[in-house]
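Chain by chain, the residues:
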Amino acid sequence: MTALPEFPVDGGCDCRTVRYRMHSAPLFVHCCHCRWCQRESGAAFALNAMIEADRVELIAGAPEMVATPSASGKGQSIARCPICRIALWSHYAGAGAAVKFMRVGTLDEPDSFPPDIHIFTSSKQPWVVLPQGIPSVPEYSDRRKYWPPESIGRREALLARAAAPR
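This is a predicted model, so every value here is computed, not measured.

Participant: Can you tell me about the packing of aromatic side chains, naming the residues and giving the values?
Facilitator: Throughout the structure, instances matching the rule amount to five aromatic pairs. Aromatic pair Phe7 and Phe113: ring centres 6.3 Å apart, planes at 65 degrees, arrangement edge-to-face. With Phe7 in the segment before strand E1 (9-12) and Phe113 in the loop between strand E9 (99-103) and strand E10 (117-119), this pair connects stretches of sequence that are 106 residues apart. A residue is classified by how much of its surface remains accessible, and Phe7, at 26% relative accessible area, is partly exposed. Take Phe113: its relative accessible area is 3%, and that puts it in the buried class. Judged by centre distance (6.1 Å) and plane angle (85 degrees), the ring pair of Tyr20 and Trp89 falls under edge-to-face. With Tyr20 in strand E2 (residues 19-22) and Trp89 in strand E8 (residues 87-92), this pair connects stretches of sequence that are 69 residues apart.

Here is the structure:
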């Protein structure tokens, strides 16, 4: 397994208009092989690092939030550079704006964030060979089974903060 880098780590779009900084390790990294991710990315899969939104700092520019359909029917909001249109992260209906699904390929050092799991492998491209030793599931994963306890605790704390009266 690849060792995590020292944090913070930076990333951004191709034209460098939008730059961000991740201040901690992600909760979990998944490689999604669903047909929606294939279509959206124009590739065989999407690699997402899930992280609490308050652990990501925008350091340059401002992304445009684009409402996009999803397989759940609830849609997602994709942060795209308004100039080069690169997708930087998404917010899905489940956690809303509280969790960012960072596109690993937009990090300056994407090699440091290999997938913890492969999901929706029932629709993966037949020529994609999944690596041994990395969990894979036919649909979405059971976080209680696959996520590390620290990440589950961080997620529960995040949801508690979101539910607290303001």
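Participant: Could you give me a rundown of the pattern of salt bridges, with the residues and numbers involved?
Facilitator: Counted under the stated rule, the structure contains eight salt bridges. Arg55 is the salt-bridge partner of Glu52, the closest N and O atoms lying 3.5 Å from each other. Look at Arg55 and you get partly exposed, because its relative accessible area is 27%. Ionic pairing is found between Glu156 and Arg144, a salt bridge with its closest N-O pair at 2.4 Å. Linking Glu156 in helix H3 (residues 149-163) with Arg144 in helix H2 (residues 143-146), this pair joins segments that are 12 residues apart in sequence. Shared partners join several salt bridges into a network, and the residues in it are Glu52, Arg55 and Arg154.

Reading the values: the criteria
For every chain, the first residue of its written sequence is number 1, and the numbers climb from 1 along that sequence. Per-residue local features of the predicted model are confined to residues with pLDDT of at least 70, and side-chain atom pairs are confined, for both listing and counting, to 80 or more; whole-chain, interface and lining totals are unaffected and use all residues. Just so you know, side-chain values use all the structure's heavy atoms and leave hydrogens and water out. Only centres within 6.5 Å qualify two rings of Phe, Tyr or Trp (six-membered ring in Trp) as a pair; their planes then separate them into stacked at under 30 degrees, edge-to-face at over 60, and tilted for everything else. Secondary structure elements are taken from DSSP: a helix is a run of H or I of four residues or more, a strand is a run of E of two residues or more, and numbering for both begins at the N terminus. The rule is simple: take the accessible area with a 1.4 Å probe, protein chains only, and divide by the maximum for that residue type; under 20% is buried, over 50% is exposed, in between is partly exposed. A carboxyl oxygen of Asp or Glu within 4 Å of a side-chain nitrogen of Lys or Arg is what we treat as a salt bridge.

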